[in-house]
Amino acid sequence: MMAGVSSALPVRAHDIELQLRARLQPTKLEVLDESAAHAGHSGANAEGYGSHFRIRIASPLFTGQSRVARHRLVYDALQNFIDQGLHALAIEIVESP
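Values in this document were obtained by computation on a predicted structure and should not be read as measured data.

Here is what the cut-offs are and how they apply
- Residues numbered from 1 in each chain as written.
- Predicted model: local features only at pLDDT ≥ 70, side-chain atom pairs only at ≥ 80, totals over all residues.
- Heavy atoms only, no water.
- Salt bridge = Lys/Arg side-chain N within 4 Å of Asp/Glu carboxyl O.
- Helix = DSSP H or I, 4+ residues; strand = E, 2+ residues; numbered from the N terminus.
- Buried < 20%, exposed > 50% of the residue type's maximum accessible area, 1.4 Å probe, protein only.
- Contact = heavy atoms within 4.5 Å.
- Core = buried A, V, L, I, M, F, W, Y, C linked by side-chain atoms within 4.5 Å.
- pLDDT = per-residue confidence, 0-100.
- Axes fitted to C-alpha atoms, helices over the stretch in contact; angles between N-to-C directions.
- Parallel < 35°, antiparallel > 145°, perpendicular 65-115°, else oblique.
- Left-handed = near helix turned anticlockwise from the far one by under 90°.
- Nonpolar A, V, L, I, M, F, W, Y, C, P; charged D, E, K, R; others polar.

Our next topic: the pattern of salt bridges. On inspection of all chains with the given rule, the structure shows seven salt bridges. Residue R21 is joined to E17 by a salt bridge in which the shortest nitrogen-to-oxygen separation is 3.1 Å. Of this pair, R21 and E17 are both found in helix 1 (residues 13–24), four residues apart, which corresponds to roughly one turn of the helix. Here R21 falls in the partly exposed class, since its relative accessible area comes to 38%. Since its relative accessible area comes to 27%, E17 is described here as partly exposed. Here E34 ties to R54 by a salt bridge, and the two come within 2.8 Å at their closest N and O atoms. One end of the pair, E34, is in the loop between strand 1 (28–33) and strand 2 (52–58); the other, R54, is in strand 2, and 20 residues separate them in sequence.

Its place among the elements puts I91 in strand 3 (residues 88–93). Taking the C-alpha atoms as reference points, I91 and Y75, separated by 16 residues in sequence, lie 9.2 Å from one another. Among residues more than four places away in sequence, those in contact with I91 are I55, H71, V74 and Y75.

The next thing to look at is the nonpolar core. Core analysis: the largest hydrophobic core is formed by 17 residues, its most contacted members being I16, L20, I55, V74, L78 and L89. Contributing elements (two or more residues each) for this core: helix 1, strand 1, strand 2, helix 2 (67–77) and strand 3. Not counting residues within four places of it along the chain, the set of residues in contact with L20 comprises Q25, P26, L29, V31, I55, V74, A77 and L78.

Glancing now at the confidence of the model for the protein chain. Overall, the predicted model of the protein chain reaches an average pLDDT of 81, with 74% of residues at or above 70. Taking the mean pLDDT of every element in the protein chain, the minimum, 90, falls on helix 3 (residues 79–84) and the maximum, 97, on helix 2. Scored below 50 in pLDDT, residues 1–7 makes three contacts in the model with residues more than four places away or belonging to other chains. Every residue in residues 42–46 scores below 50 in pLDDT, and together they form twelve contacts with partners more than four places removed in sequence or on other chains.

Attention now moves to the packing of helix 1 against helix 2. At a closest axis distance of 9 Å, the pairing of helix 1 and helix 2 adopts a crossing angle of 120°. The angle between helix 1 and helix 2 falls in the class oblique. Crossing geometry of helix 1 relative to helix 2 is assigned as right-handed. For the pair helix 1 and helix 2, the contacting residues are Q19, L20, R23 and L24 in the first and L73, V74, D76 and A77 in the second. Here the contact of helix 1 with helix 2 is built from residues that sort into five nonpolar, one polar and two charged.

And the structure:
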């Protein structure tokens, strides 16, 4: 394999959801794969899914945390997916239901 070239499969929304549920105990969670809207853009893959995601999340772990700290918790929870090729992640912190 050439340096910098990954043979990893695209990331799946379901896998992101499972990991976030396990790590952040969200009270609200929505994971949207927006990859198809980015076809042809930097970081998009040939499969048309698994590279660009939007996450809407509420978690008790965010209480008292700054916006940056909340986002860092999400990024840290998903680091293995970032390493697999997740290219773009839009994070929306929402109010608990």
